[in-house]
Amino acid sequence: MTDRAHITDDNHHQATMHRHAPEPTGYVSPAYRRWAEYSQRAAEPSPDTFTLPTTTAELDAMSYADRVRAYTEDQALYDRLTGRTAV
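A short tour of the structure in this document, coming up. (Residues numbered from 1 in each chain as written. Predicted model: local features only at pLDDT ≥ 70, side-chain atom pairs only at ≥ 80, totals over all residues. Heavy atoms only, no water.)

Quick look at the overall build of the protein chain
Put simply, the test is: The helix count covers DSSP runs of H or I at least four residues long, the strand count covers runs of E at least two residues long, and both are numbered beginning at the N terminus. The buried label goes to any residue with under 20% of its type's maximum accessible area, the exposed label to any with over 50%, and the partly exposed label to all in between, with areas taken from a 1.4 Å probe on protein chains only. Contacts are assigned to residue pairs that have any heavy atoms within 4.5 Å of one another. A 1.4 Å probe and the Shrake-Rupley method give the accessible areas. Residues count as covered only by the protein chains that appear here.
Broken down by element type, the protein chain carries four helices and zero strands. Secondary structure elements in the protein chain, listed N-terminal to C-terminal, are α-α-α-α. A burial count over the protein chain gives 11% of its 87 residues as buried. When contacts within the protein chain are restricted to residue pairs at least 6 apart in sequence, long-range pairs at least 24 apart make up 18% of them. Looking at the protein chain as shown, the accessible area adds up to about 8000 Å², and 55% of this sits on carbon and sulfur atoms.

What follows is the structure, given as structure tokens:
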């Protein structure tokens, strides 16, 4: 059904009337502002806080992924902390 199908004898004035979006006021609600700030922070990569361990206890407390990263970044340090000898 088209817009013209709704024109009757008593509402011809509505056929030429166009609806416009309200003009922007520049107001942004606090909830929307918080959501936008949160979304922007979530899109940014988190800073890298990884540091190489200095003791065996620090190495043992690390997650598996961090232990692998410590091994790949400084294999000699990893071998020294784990008590392994280089072959």
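The structure having been displayed, the exposition proceeds.
Some remarks on the nonpolar core
Inside soluble globular proteins, nonpolar side chains tend to come together where they are buried. For clarity, the threshold we go by: Note on terminology: a nonpolar core comprises buried Ala, Val, Leu, Ile, Met, Phe, Trp, Tyr and Cys residues joined through side-chain atoms within 4.5 Å.
Ranked by size, the top nonpolar core spans seven residues in total: F50, L59, M62, A70, L77, Y78 and L81. With near-sequence residues (within four places) excluded, L77 lies in contact with L52 and P53.

A word on the pattern of salt bridges
Oppositely charged side chains are able to pair whenever their charged atoms sit close together. Quick reminder of the rule: Salt bridge, as applied in this entry: a Lys or Arg side-chain nitrogen positioned within 4 Å of an Asp or Glu carboxyl oxygen.
For the coordinates displayed, the defined rule picks out four salt bridges. Notably, a salt bridge pairs R67 with D60, separated by 3.5 Å at the nearest N-O pair. Given a relative accessible area of 52%, D60 falls into the exposed group.

As for the packing of aromatic side chains
Quick note on the threshold: For Phe, Tyr and Trp, rings pair up if their centres lie within 6.5 Å, where Trp contributes its six-membered ring, and each pair is then called stacked (planes under 30 degrees apart), edge-to-face (over 60) or tilted (otherwise).
The tally for this structure, following the rule as stated, stands at two aromatic pairs. Geometrically, the ring pair formed by Y71 and Y78 is edge-to-face, given 5.2 Å between the ring centres and 80° between the ring planes. Looking at Y71, the relative accessible area reads 30%, which means it is partly exposed.

Here we look at helix α4 (residues 75-82)
Taken together, the buried positions of α4 are L77, Y78, D79 and L81. Summarising the contacts, the buried residues of α4 are in contact with α2 (56-61) and α3 (64-73). Immediately downstream of α4, the backbone of G83 shows phi near 80°, a positive value.

A few points about the environment of P53
Inspection of the secondary structure assignment puts P53 in the loop between α1 (30-43) and α2. Remark: the alpha-carbon pair of P53 and A70, spanning 17 residues in sequence, is separated by 7.6 Å. P53 has contacts with E58, L59, M62, A70, L77 and L81, leaving out every residue within four places of it along the chain.

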